[in-house]
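Below are the chains, spelled out letter by letter.
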Amino acid sequence: MNLADYRRAAGDWLRENAPTDDYPEADGIARAKEFMAKLYDAGYSGITWPKQWGGQGLTQAEDRVFAEEARDYTLPTYIFSIGLGMTGPTIVDRGSDAQRERFVRPLLRGEEVWCQLFSEPGAGSDVASLQTRAVRDGDDWIVNGQKVWTSVAHHADWGLLLARTDVDVPKHKGLTMFVIDMHHPGVTVRPLKDMSGRANFNEIFFDNVTIPDEHRVGEVNDGWSVAVTTLLHERLSISAGVGMGGQKDHPASLEALRQALDTSDPLVRDELVELHVRSRALALFNQRLAQETRAGIFPGARGSAAKLLLAELTLYQADLATRLVGPEAALADHPLARAISMAPGMALGGGTNEIMRNIVGDRVLGLPPEPRVDKTVPFKDLKVGTQA
Amino acid sequence: MNLADYRRAAGDWLRENAPTDDYPEADGIARAKEFMAKLYDAGYSGITWPKQWGGQGLTQAEDRVFAEEARDYTLPTYIFSIGLGMTGPTIVDRGSDAQRERFVRPLLRGEEVWCQLFSEPGAGSDVASLQTRAVRDGDDWIVNGQKVWTSVAHHADWGLLLARTDVDVPKHKGLTMFVIDMHHPGVTVRPLKDMSGRANFNEIFFDNVTIPDEHRVGEVNDGWSVAVTTLLHERLSISAGVGMGGQKDHPASLEALRQALDTSDPLVRDELVELHVRSRALALFNQRLAQETRAGIFPGARGSAAKLLLAELTLYQADLATRLVGPEAALADHPLARAISMAPGMALGGGTNEIMRNIVGDRVLGLPPEPRVDKTVPFKDLKVGTQA
Amino acid sequence: MKLVLSQEQQELRAAVRDFLRTASPLPKVREGYDPQVYARLNGELGLSGLIVPEEYGGAGAGMSELAVALEETGAALLPGPFLATAFAALALTQAPDKELQTGIAEGRIAATLDSTELTYDGGTASGTLAQVLSGGEADVLLAPAREAGALVLVAVELSGPGVTRTALDTLDLTRGQAKVVLDGAPARVLGPATETGVLDRLCVALAAEQLGVMRAALDAIVAYAKIRVAFGRYIGSYQGVKHKLADMHCKLEQAESIVRYAAWAADESPDELPEAAALAQAYVGRACFEVARDHLLLHGGIGYTWEHDAHLFYKRAKADEVLLGPPRNHRARLGQLLEL
Amino acid sequence: MKLVLSQEQQELRAAVRDFLRTASPLPKVREGYDPQVYARLNGELGLSGLIVPEEYGGAGAGMSELAVALEETGAALLPGPFLATAFAALALTQAPDKELQTGIAEGRIAATLDSTELTYDGGTASGTLAQVLSGGEADVLLAPAREAGALVLVAVELSGPGVTRTALDTLDLTRGQAKVVLDGAPARVLGPATETGVLDRLCVALAAEQLGVMRAALDAIVAYAKIRVAFGRYIGSYQGVKHKLADMHCKLEQAESIVRYAAWAADESPDELPEAAALAQAYVGRACFEVARDHLLLHGGIGYTWEHDAHLFYKRAKADEVLLGPPRNHRARLGQLLEL
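Keep in mind it's a predicted model, so treat the numbers as computed, not measured.

A. How the structure looks around the overall build of chain C. Within chain C, the regular secondary structure consists of 11 helices and nine strands. Since a compact globule built from 340 residues should have a radius of gyration of about 20 Å, the 20 Å found for chain C is in line with a globular shape. Seen through its principal axes, chain C has C-alpha atoms that stretch 75 × 40 × 35 Å. Per-residue burial for chain C yields a buried fraction of 65% across its 340 residues. Once local pairs closer than 6 in sequence are excluded, the contacts in chain C between residues at least 24 apart make up 72%. When the accessible area of chain C is evaluated, it comes to approximately 11,300 Å², of which 51% is carbon and sulfur surface. A distance of 9 Å separates the average location of the 31 positive side-chain charges in chain C from that of its 43 negative side-chain charges.

Here is the structure:
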């Protein structure tokens, strides 16, 4: 099928099948799973994934076309996003055939929900300094520790877990990747409220959780290289979402502010011009990256520049809008109060602004790396987390 | 004499003796030296310096009062500023009695002009990585190398020279301080034009220059601790000058721009408000530091915050003014073209903005230091200057 | 001009700081307004009477002292009607009223001030006030009203008849607002509502609170940067963090200088006050939010959680920035005063 | 919308870049305008005829190609009348003139465009033009004039009678301006001076040059950060430097995206052009100066010297930022176009 036909077919299918009510998540998990199964059966789940494991075996081109057609809908796929964007691709890339066979198809059909278990309270930007331990016990591993910032964990059936299996070697060299059963009785999921008061994350506690060795992904102590695969997919799926619509309804968008404010005031007008300039600058950059991708130029670390800019724009925009609107923006149910409360999230999820600047500096500009003190010391002698 | 009397007397003396023509430097060095001798004889040179070596032995209070009274005049003391602000205090603090006897009084009377010879092309912010060598030769030292950024060197009789005397020890531990005769035939002074086209600095080349050991300041290989004294005085004399008048005549000042621009444009007005806010914020901070100093609270590294802010304000101000004025500001003889050409100077002289932020972070906020790779390696094995 | 605290002012600061450290630590702040803490603040420290004239039982102190106190209550994110009462007390200096001022000085009366113009008719006031600062906690509301064409300042008992108060959910979790509807509520005329200097003083008072908020936020992130490790190093050793903290410190130094100056002007140099007050809001309001924002961001993910205190500062800073209207108003006023 | 260069455009870029690298390296730029280099640029590469229609001997290319060329001449800080001639050629697309366009295409005529309105009377023009871009090097001046109430575009031979040219010392050391006084200078009417799209195209052309200036400035400081050592480490390894360079890179990415978009709009989507052009000057002009400024500062003391090239970029960036008037004009126009 040529791309135009593919686009037409995808558009037709979406028109017929995409939920049109405003809050498709309201009916909950069951409905989301039902939709996902339909999506899969229609051939639109795992478009680029290998046929052998349940994907469609098509190219980035078809994937992009479907994403473009889907842009006008709010598909209830949020709870599957970790599986589709990060953990699934990791299993495809690095899992055993048995793992691929077992996990990929149910994931694509929405039968099983996944979460990702890397970050810890003491290991945020520096994920490799994590302290959750997995100790070998015959054919099993016993896991103890704590994870944090875990999206959709309360719905998850499986988690991709990075744990420390050797403390006598430098930090990157003593990690191993596992698939953990989130229904195991030793797993406790506790919702974690963000600063806007919403519980979008969870903390996860492991108390002597058993994992069979066949659920190990990659070699023992080679977990970091597996995690790098996952993080690469994470970055890709974040940058793919960047700049894709969604801004028009934002309470701090130019359109919304134009309605809310007296634009006969030249100062207000000039602030809105600045907002437009910054928004357009980033939107055009994102579109250029997308065009390059379509032309086969992989954006690589330049996507981190787009992520950094989006984080800054998000904060700038909410901050500006609250200043322009004034006192009423400080009432909790004003859309801008929500916007300003959630604005820091973009800068803090998926790598802080400082990490993004390091990536751009090191990988795009090729600047010399910071001298590292943590790459050679055995983990047990390394300073980690929060301590005086 | 109480402070009020001191102020009155100083005011009277200045009214009678301070040059009132617009460009007192025009008549050159001779006139400047003549004025300095008068100033000294009247008791206003070296107000806080020890009586024993030619100073007045008074307190910071009298010094401050004289500075306040002098603020309305442009005294022709520029060529003495390095001697009075940096090298002289270093001789007083760290020189031998013979050196104090020989050098201090002629310096205070303006009979001899001083320059400071620390920075090198390969050693700017990182002064201690300098490469100019001084090798012992009996009772003398033989100096070879190059210095840069040297103000008033073409008028100078003496220079305070920091040179490397041992390359087998870490960089801070192989430096020695000397007084060098700028009239020695091996000293070549070459004017160095800054980006505005003015020759405010010099490069100095040393070709087998002999220095008698009696002109060594402090112990052999203890030059860094002497240099720290000098740099402390430099910082003090920069921060003392900060915010002291001079802004009114600036072509990018609020007053000047108010005349030059159409302030009926609300956007222009708002930009000028911002200029006022930033200028006042820094001016008030400087005044607070001055009041604290008078009250016996030493500003210490907080002066670096003031220096950083002044550097930023200077650039912001010239940049803003040129934008507001438009095309004509890009003509070389427009005052704003000169202002924008000279604006980066404040950020690059006396420590870059990055160095200032380090100082504020380390010494004011007490943040942990950057790990240092250069403090333990023998100098000869250390990477310095510019190299691949 | 006086930009350095006197010995007495330093002692006042230490007293308020010590009191709040034990009486109202941050975990307690989350529980909201505690009338007992407020009563002790006014009783033991006499803070509500700080700027009430001595003849009404107050300490007769000036803006400089009030600024010292507000800086500390700001740093502690103290919930409750302290700022609102200070606003009211500042308005009462222009329209003295023995009963109210004595009540405020003794800590019996919490008051608030709003700029919404009421209608006044034969002893009763009516009107809708959309967002009254601490309107749920205050006993008395002061607001302008028009009586026979002239603008007067009236006082309304908020627990009296004809008053409907609705607590509002606010962005700032540490201090409330209320919608207040007056429908023929008994009201007392205090005097002409001269604008002279009252708004200016509110600007200075708010800037003092903002100075405290930003100082506490900077202190918190500096402390964290000294104990949090990433990649084997304390995060405060990275220039990416250190340089930002240095810039934040620069803002704090300037904000403090401006607040001291503006408070001094209010006390000693009324001619300079309008410009100083507009300057205070134009600079300190923005600086406070920027510091609070960056302090939150530099905490990393933990700063985004509900459990962490960072968002309390961030939200207070934002709420304060717009409390006296969109910030461009202060800038516009400054432009007028500079005759631009 | 096309934001990525085509194969042909990439080849054009490589050709111009290679030519300028050897024919006009930075040390040579300091010597000012070299007519020989300019002649070769137009002869060997045909750059002056790039946007001249094919019927007049040009390449008939669009803004997208011109932008590619201007980015390279900007990066090289090429002295001389290339931008001025491009401005004139853009004006001529609205008022075609075979003689001039053929002359420009063949590289025989360097031209310039000014917006000062002349008086025109029976074949001669008069007026004082305070700052004509490359006015000393151009052969022909285009400017608006009023003839019988209508605004027309006229051409004046700058070496002809009635013309007094005075070279001006400019901040930008790499490209000159001149004061031009016309006193009854022979002038030829080319056609009505329709404003349609000409100013927009100038904005885009200038933004393309600015993109080149900022790219070259960033490249220079990135290269230096990889070889300059301080405190035993390459300065590019310090986050204080690295993070600033990353921010500069972000500006460059956005500036390039805007320039490609605006050039595409000029060629393919005239309805979008006005907004895209105002956007280009509103964003790229500022970004270019900020990058040039920070590139100079990050060089440290050496960047402040006359001998170093940093100030050449800094000054070109500033001169370009105000070339088409105070930047607020572009922002105001953007506001109008957005119907704010």
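B. Structural view of the interface of chain A and chain C. Between chain A and chain C, the residue contacts involve 54 residues of the former and 45 residues of the latter. Carbon and sulfur atoms supply 63% of the area that chain A and chain C bury against each other, a total of about 4,000 Å² over both sides. Broken down residue by residue, the surface that chain A buries against chain C is led by Met195, Arg323 and Leu348 of chain A, which jointly contribute 17%. Between Glu370 of chain A and Arg233 of chain C there is a salt bridge, with its nearest N and O atoms 2.9 Å apart. Applying the counting rule to chain A against chain C returns 22 residue pairs in polar contact (both at pLDDT 80 or more). Listed by contribution, the elements that provide at least two residues to the side of chain A that touches chain C are helix H9 (302-325), helix H10 (335-342), helix H11 (344-348) and helix H12 (353-364) of chain A. Broken down by class, the residue content of the side of chain A that touches chain C amounts to 27 nonpolar, 12 polar and 15 charged.

C. Just unusual backbone geometry, in detail. Residues and elements named next belong to chain D. The backbone of Ser134 sits at a positive phi, close to 50°, despite the residue not being glycine. Here Ser134 is to be found in the loop between strand E3 (124-133) and strand E4 (140-147). With a relative accessible area of 0%, Ser134 lands in the buried category. Even without a glycine there, the phi angle at Ala148 is positive, about 50°. Along the polypeptide, Ala148 turns up in the loop between E4 and strand E5 (150-157).

D. Representation of the nonpolar core in the model. By size, the foremost hydrophobic cluster in this structure holds 322 residues, and its most contacted members are Leu272 of chain A, Leu272 of chain B, Leu142 and Leu245 of chain C together with Phe87, Leu142 and Leu245 of chain D. Those residues within four positions of Leu245 of chain D in sequence are excluded, and the remaining contacts are Leu365 and Leu367 of chain A together with Leu218, Ile221, Val222, Ala225 and Leu298 of chain D.

E. Here's a closer look at the state of the cysteines. Residues and elements named next belong to chain D. According to the stated counting rule, one finds zero disulfides over all chains in the structure shown. Of all cysteine sulfurs in the structure, the one in Cys288 sits closest to Cys250, which takes part in no disulfide; the separation is 17 Å. The cysteine Cys288 is free of any disulfide, with Cys203 supplying the nearest cysteine sulfur at 14 Å.

F. Helix H1 (residues 7-23) of chain C, seen in detail. Helix length check: H1 of chain C, at 17 residues, gives a terminal C-alpha distance of 24 Å against a target of 24 Å (1.5 Å per residue), a fit within 8%. Looking at the buried positions of H1 of chain C, the neighbouring elements they touch are helix H2 (26-29), helix H3 (35-44) and helix H4 (63-75) of chain C.

G. Here's a closer look at the interface of chain D and chain B. The partner chain B presents 54 residues to the 45 residues of chain D that form the contact. Overall, the association of chain D and chain B removes approximately 3,900 Å² of surface from exposure, summing both partners, and the carbon and sulfur fraction of that is 63%. Area buried by chain D at its contact with chain B is led by Phe231, Tyr304 and Arg328 of chain D, which between them contribute 22% of it. Taken together, the connections running from chain D to chain B amount to five salt bridges. Where the side of chain D that touches chain B is concerned, the elements lending two or more residues are strand E8 (229-230), strand E9 (233-234), helix H8 (239-268), helix H9 (273-298), helix H10 (310-323) and helix H11 (327-337) of chain D. Broken down by element, the side of chain D that touches chain B gets its largest block of residues, eight residues, from H10 of chain D. Tallied by class, residues from the side of chain D that touches chain B come to 22 nonpolar, 11 polar and 12 charged.

H. Local environment of the environment of Lys2 of chain C. When you line up the elements, Lys2 of chain C lands in the segment before H1. Its relative accessible area of 40% is what places Lys2 of chain C among the partly exposed residues. In sequence terms Lys2 of chain C and Val29 of chain C are 27 residues apart; their C-alpha atoms lie 33 Å from each other. Aside from chain neighbours lying at most four places away, what touches Lys2 of chain C is Gln291 of chain B together with Gln9, Arg260 and Trp264 of chain C. Looking at Lys2 of chain C, its side chain comes within polar contact range of the main-chain oxygen of Val4 of chain C, at 2.8 Å.

I. How the structure looks around a nonpolar patch on the surface. Taken together, the side chains of Leu232, Leu236 and Phe298 of chain A define a hydrophobic patch exposed on the protein surface, amounting to about 290 Å² of accessible area. Among the secondary structure elements, Leu232 of chain A is positioned in helix H6 (residues 223-241).

J. Structural detail: the pairing of strand E1 (residues 114-117) of chain A. Residue and element names in this part refer to chain A. Taking every second residue as pointing to the same face, both faces of E1 are buried, with Trp114 and Gln116 on one and Cys115 and Leu117 on the other. Across four bridges, the pairing between E1 and strand E4 (residues 158-164) is parallel. Of the residues in E4, the one forming a bridge with Trp114 is Trp158.

K. Region of the structure containing the packing of aromatic side chains. Summed over all chains, the structure comprises 24 aromatic pairs over all chains. For the pair Phe103 of chain A and Trp114 of chain A, a centre-to-centre distance of 5.3 Å together with 85° between the ring planes defines the contact as edge-to-face. With Phe103 of chain A in helix H5 (residues 97-108) and Trp114 of chain A in strand E1, this residue pair connects regions lying 11 residues apart in the sequence. The residues Phe103 of chain A and Trp114 of chain A share a single accessibility class, namely buried. Consider the rings of Phe201 of chain B and Tyr304 of chain D, whose centres lie 6.2 Å apart with planes at 65°: the pair is edge-to-face. Here Phe201 of chain B is found in strand E7 (residues 201-212), whereas its partner Tyr304 of chain D is found in the loop between H9 and H10 on a different chain. Here a set of aromatic residues connected by ring pairs shows up, and it is made of Tyr6, Trp13, Phe35, Tyr44 and Phe66 of chain A. Over the ring of Phe379 of chain A we find Arg164 of chain A; its NZ or CZ atom is 3.4 Å from the centre of that ring.

L. Structural context of the UniProt feature "domain: Acyl-CoA dehydrogenase/oxidase N-terminal" (unreviewed entry) in chain C. Those places that UniProt annotates as "domain: Acyl-CoA dehydrogenase/oxidase N-terminal" (unreviewed entry) correspond, in this numbering, to residues 6-80 of chain C. For residues 6-80 of chain C, the end-to-end C-alpha separation is 28 Å, with 59% helix and 0% strand making up the annotated structure.

M. Summary view of the pattern of salt bridges. The full count for this structure, using the stated rule, is 117 salt bridges over all chains. The shortest N-O distance in the salt bridge between Asp97 of chain C and Arg188 of chain C comes to 2.7 Å. With Asp97 of chain C in the loop between helix H5 (82-92) and helix H6 (98-106) and Arg188 of chain C in strand E7 (residues 177-192), the pair connects residues that are 91 residues apart, well separated along the chain. Linking Glu256 of chain D and Arg260 of chain D is a salt bridge whose minimum nitrogen-to-oxygen distance equals 3.1 Å. Here the residue Glu256 of chain D and the residue Arg260 of chain D both occupy positions in helix H8, the gap between them amounting to four residues, near one helical turn. Glu256 of chain D sits in the buried class, given a relative accessible area of 11%. Each of Arg288, Glu292 and Arg302 of chain A together with Glu71, Arg215, Glu253, Glu256 and Arg260 of chain D takes part in one network of salt bridges that share partners.

The rules we used
Residues numbered from 1 in each chain as written. Chains lettered and ligands numbered in written order. Predicted model: local features only at pLDDT ≥ 70, side-chain atom pairs only at ≥ 80, totals over all residues. Heavy atoms only, no water. Helix = DSSP H or I, 4+ residues; strand = E, 2+ residues; numbered from the N terminus. Rg over C-alpha atoms; globule rule 2.2 N^0.38 Å. Buried < 20%, exposed > 50% of the residue type's maximum accessible area, 1.4 Å probe, protein only. Contact = heavy atoms within 4.5 Å. Areas by Shrake-Rupley, 256 points an atom, 1.4 Å probe, with all protein chains shown as cover. Lys, Arg positive; Asp, Glu negative; His and termini not counted. Charge placed at Lys NZ, Arg CZ, Asp CG, Glu CD. Buried area = accessible area lost by both parts, 1.4 Å probe. Salt bridge = Lys/Arg side-chain N within 4 Å of Asp/Glu carboxyl O. Polar contact = N/O pair within 3.5 Å; in protein donor to acceptor, adjacent residues only side chain to side chain. Nonpolar A, V, L, I, M, F, W, Y, C, P; charged D, E, K, R; others polar. Core = buried A, V, L, I, M, F, W, Y, C linked by side-chain atoms within 4.5 Å. Disulfide = S-S within 2.5 Å. Expected span 1.5 Å × (residues − 1). Patch = residues over 30% accessible without salt bridge, like charges linked within 9 Å, V, L, I, M, F, W, Y side chains within 5 Å. Pairing = 2+ DSSP bridges. Phe/Tyr/Trp six-rings, centres within 6.5 Å; stacked < 30°, edge-to-face > 60°. Lys NZ or Arg CZ within 6 Å of the ring centre and 35° of its normal. UniProt positions renumbered as here; feature names shortened; annotations may be inferred.

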